[in-house]
Amino acid sequence: MSYDPQPAGSHYIGGAYVEDKAGAEIAVIYPATGKRIATLHAATPAVIEQALAAAEAAQKDWAKWSPRERGRVLTRAAQIMRERNRELSELETLDTGKPLQETLVADATSGSDALEYFGGLAATLTGEHIQLGDDWVYTIREPLGVCVGIGAWNYPTQIACWKTAPALACGNAMVFKPSETTPLCALKIAEIMVEAGAPAGLFNVVQGYGEVGASLVTDPRVAKVSLTGSAPTGKKVYAAAAGEMKHVTMELGGKSPLIVFDDAELDNAVGGAILGNFYSSGQICSNGTRVFVQRDLVEPFLDRLKERLGGVVAGDPMDEAVNYGPMVSEKQMRIVQEFIRKGKDEGARLVTGGGQMAGAGFFLEPTVFADVTDDMTIAREEIFGPVMSVLAFDTEEEAITRANATPYGLSAGVFTRDISRAHRVIRQLEAGSCFINSYNDAPVEAPFGGVKASGVGRENSKEAINHYSQVRSVYVRMGDVEAPF
Ligand code: NAD
């Protein structure tokens, strides 16, 4: 570890660290050891006020910058993030427990991709001209104002950047509240934004539990709320934002299907299922946790999966040879253990795993259940841990019907060598992010987000611009106005 993770203050507002110890304590626990590595405090009403006032003032100025200049700040920030990838990755590992082997390639790099992409896009954002005979309409694409971002704990750097990059590119300011479980990473991004030339107050970070998020959401100065979190929190935040007709993006949970046909290339299908269940120890919203395998292939699939799980190297996440980390918190570990208990109680066949790993920290074995039926708790509810359910199916039609029988719709995947079937099936699956012979890719160039209870709005790609800007129309009459009287 190259630096002490204790920040100079809990919050970052107006270009500087801010502390108010009157706020509730937030203990930052390193999940690999269970030890406290930093202590922060939740934002008090005075801190929240300071952040919103700073964002409001900075946004007015920022909106007047030329889009090209705004883009340049974001691209510079992207470059700084890449230069500091190791330091930022170590912090991400301390915050979340994810192995450095992962964080070096998936977190600050993904955040940097977003800043680079939206930095490049900024100067291309325009309104349009609509000719109507001699008259015409032009449209003005404008920022929304002050945006609030609220993050989950699994990808603290990525989530902060995925929200902030398009928001700032469009001329908005951001007040970001990280998850109370992983509060450290966003503070570093705030420092980097200022270093890259962003005006003080454009990107602010305030810490806190749900109440802090709730008071940000209802503040009349806030034009837009983007939440990454669970579906129950999403419903509350969406409802609170609706009270004042605010814009929202909701990136919520899932219970996504991954369908493996018997003509699939077995190792690729197993690889996809591993990525979609055990990367980040299963703490990924888009995971394909219901793995539907065509009946003939079930046992070969399970055999190969068990073999490949022999390659799991759990241990000190800072050791780059380690490829499997702990749960983010003791609380999350207990939640997942309860699901494992229900899986056993309800009659699923435990193929491998199921227990806590020896030693300190919140490590759970990669767990695979077979003979899972659609009515079991582990097949219905989001677990958010390393628990895969394998469900046998016979026909294509049956697989599609069962895959869609969930309130969620974040992701879906299909493994088959039959390309016609792949497209036919994917078109019928109710999910926002779909994969053919792959799983869990999330490049910034592609829209990301869910349908049904998994959310509204899209992050990444040009789509995100529509969620951080609005369009006004101006009608221009060239002749006289004809009125009835
Ligand atoms: P969570 O819903 O408990 O919390 C998310 C955030 O919302 C936290 O910052 C929390 O403090 C805040 N919050 C809680 N109550 C609030 C309220 N009433 N008003 C405003 N803010 C409030 O989720 P979590 O446990 O941190 O994260 C795991 C969940 O996030 C999973 O369901 C997962 O699927 C989802 N997730 C979704 C995506 C996606 O992009 N779709 C990505 C990562 C995680």
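Residues numbered from 1 in each chain as written. Predicted model: local features only at pLDDT ≥ 70, side-chain atom pairs only at ≥ 80, totals over all residues. Heavy atoms only, no water.

Quick look at the pattern of salt bridges now. Tallied over the full model, the rule gives 27 salt bridges. In this structure, E25 and R36 form a salt bridge, with 2.9 Å as the shortest nitrogen-oxygen distance. Taken as a pair, E25 in strand β3 (residues 25–30) and R36 in strand β4 (residues 35–41) lie far apart in primary sequence, eleven residues in all. Residue class for E25 comes out partly exposed when judged on its relative accessible area of 43%. Residue classification places R36 among the partly exposed positions, given a relative accessible area of 45%. Here E396 ties to R424 by a salt bridge, and the two come within 2.8 Å at their closest N and O atoms. (Salt bridge = Lys/Arg side-chain N within 4 Å of Asp/Glu carboxyl O. Helix = DSSP H or I, 4+ residues; strand = E, 2+ residues; numbered from the N terminus. Buried < 20%, exposed > 50% of the residue type's maximum accessible area, 1.4 Å probe, protein only.)

Take the environment of F415 next. Here F415 is to be found in strand β17 (residues 411–415). Since its relative accessible area comes to 2%, F415 is described here as buried. The spatial distance from the C-alpha of F415 to the C-alpha of E265 is 7.6 Å, given a sequence separation of 150 residues. Once you skip the residues sitting within four places of it in the chain, F415 turns out to touch L258, I259, V260, F261, A264, N268, A269, G272, N437 and S438. (Contact = heavy atoms within 4.5 Å.)

Take the site of the ligand next. Every one of the 27 residues lining the ligand counts as a neighbour, but G151, E180, S230, T233 and E382 are closest to it. Here an oxygen atom of the ligand and a side-chain polar atom of W153 are 2.9 Å apart. The separation between an oxygen atom of the ligand and a polar main-chain atom of G229 is 3.3 Å. Looking at which element gives the most residues to the shell around the ligand, the answer is helix α8 (residues 210–218), with three residues. Here the shell around the ligand is built from residues that sort into 13 nonpolar, ten polar and four charged. Looking at which domains feed residues into the shell around the ligand, each of domain 1 (11–253 + 454–472) and domain 2 (257–436) gives three or more. (Near = heavy atom within 4 Å. Polar contact = N/O pair within 3.5 Å; in protein donor to acceptor, adjacent residues only side chain to side chain. Nonpolar A, V, L, I, M, F, W, Y, C, P; charged D, E, K, R; others polar. Domains from an automatic or database assignment.)

Here we take up the side chain of D219. By the secondary structure assignment, D219 is in the loop between α8 and β10 (222–228). You can call D219 buried: its relative accessible area is 13%. Polar contacts involving the side chain of D219 include one to the main-chain amide nitrogen of R221, which spans 2.8 Å. Residue contacts for D219: discarding those within four places in its chain leaves L52 and K246.

It is worth spelling out the sheet that holds strand β14 (residues 349–352) at this point. On the basis of which strands lie adjacent, the open sheet formed by seven strands has the order β14-β15-β16-β13-β12-β17-β18 and mixed pairing. Edge strands, defined here as strands with exactly one partner in the open sheet, are β14 and β18 (433–436). Across this sheet, the average inter-strand angle for adjacent strands is 20°, counted without regard to direction. For strand β13 (residues 290–294) and strand β16 (residues 387–393), the ladder comprises five bridges, and the chain directions are parallel. Its bridge partner lying in β16, F292 is registered against L391. (Pairing = 2+ DSSP bridges. Axes fitted to C-alpha atoms, helices over the stretch in contact; angles between N-to-C directions.)

What follows covers the environment of A242. Structurally, A242 can be placed in helix α9 (residues 231–242). Here A242 falls in the partly exposed class, since its relative accessible area comes to 42%.

Glancing now at the UniProt feature "active site" (unreviewed entry) in the protein. When the UniProt feature table is mapped to this numbering, "active site" (unreviewed entry) covers E251. With respect to the secondary-structure elements, E251 resides in strand β11 (residues 247–251). Accessibility expressed as a relative area gives 4% for E251, which makes it buried. Residue contacts for E251: discarding those within four places in its chain leaves L227, T228, G229, L410, F448, G449, G450, S454, G457, R458 and E459. (UniProt positions renumbered as here; feature names shortened; annotations may be inferred.)

With a phi close to 55°, S280 is a non-glycine residue in the positive phi region. When you line up the elements, S280 lands in the loop between α10 (266–278) and β13. For N440, which is not a glycine, the phi torsion comes out positive at approximately 70°.

Moving on, we come to the pairing of β4. In this sheet, β4 lies alongside β3 in antiparallel orientation, the contact comprising six bridges. Bridging from a neighbouring strand, E25 pairs with H41 of β4. What sits between the antiparallel neighbours β3 and β4 is a turn of four residues, in which G34 has the positive phi angle 80°.

With that settled, the discussion passes to the side chain of K177. Locating K177 in the fold gives a position in strand β8 (residues 173–177). The buried category is assigned to K177, whose relative accessible area is 3%. Engagement of the side chain of K177 in a polar contact is seen with the backbone oxygen of G208, the distance being 2.7 Å. Those residues in contact with K177 that sit more than four places away from it in its chain are G149, I150, G151, V206, Q207, G208, Y209, V212, G213 and L216.

Looking now at a nonpolar patch on the surface. The grouping of I130, L132 and Y475 at the surface amounts to a nonpolar patch, some 270 Å² of accessible area in total. Inspection of the secondary structure puts L132 in strand β5 (residues 129–132). A relative accessible area of 41% places L132 in the partly exposed class. (Patch = residues over 30% accessible without salt bridge, like charges linked within 9 Å, V, L, I, M, F, W, Y side chains within 5 Å. Areas by Shrake-Rupley, 256 points an atom, 1.4 Å probe, with all protein chains shown as cover.)

In the numbering used here, UniProt assigns the feature "domain: Aldehyde dehydrogenase" (unreviewed entry) to residues 18–474. Secondary structure across residues 18–474 divides into 40% helix and 20% strand, with the first and last C-alpha atoms of the span separated by 43 Å.

This next bit is on the domain arrangement of the protein. On domain assignment, one finds that the protein holds domain 1 (11–253 + 454–472) and domain 2 (257–436). The partner domain 2 presents 29 residues to the 32 residues of domain 1 that form the contact. Carbon and sulfur atoms make up 61% of the surface buried where domain 1 meets domain 2, a total of about 2,300 Å² over both sides. Counting across the domain 1 and domain 2 interface gives one salt bridge. In this structure, the salt-bridge partner of R86 is E320, at a minimum N-O distance of 2.9 Å. In this structure, the connection of domain 1 to domain 2 is made through nine residue pairs in polar contact (both at pLDDT 80 or more). Contributing elements (two or more residues each) for the side of domain 1 that touches domain 2: β3, α3 (85–96) and α4 (100–106). Taken together, the residues of the side of domain 1 that touches domain 2 sort by class into 14 nonpolar, eleven polar and seven charged. (Buried area = accessible area lost by both parts, 1.4 Å probe.)

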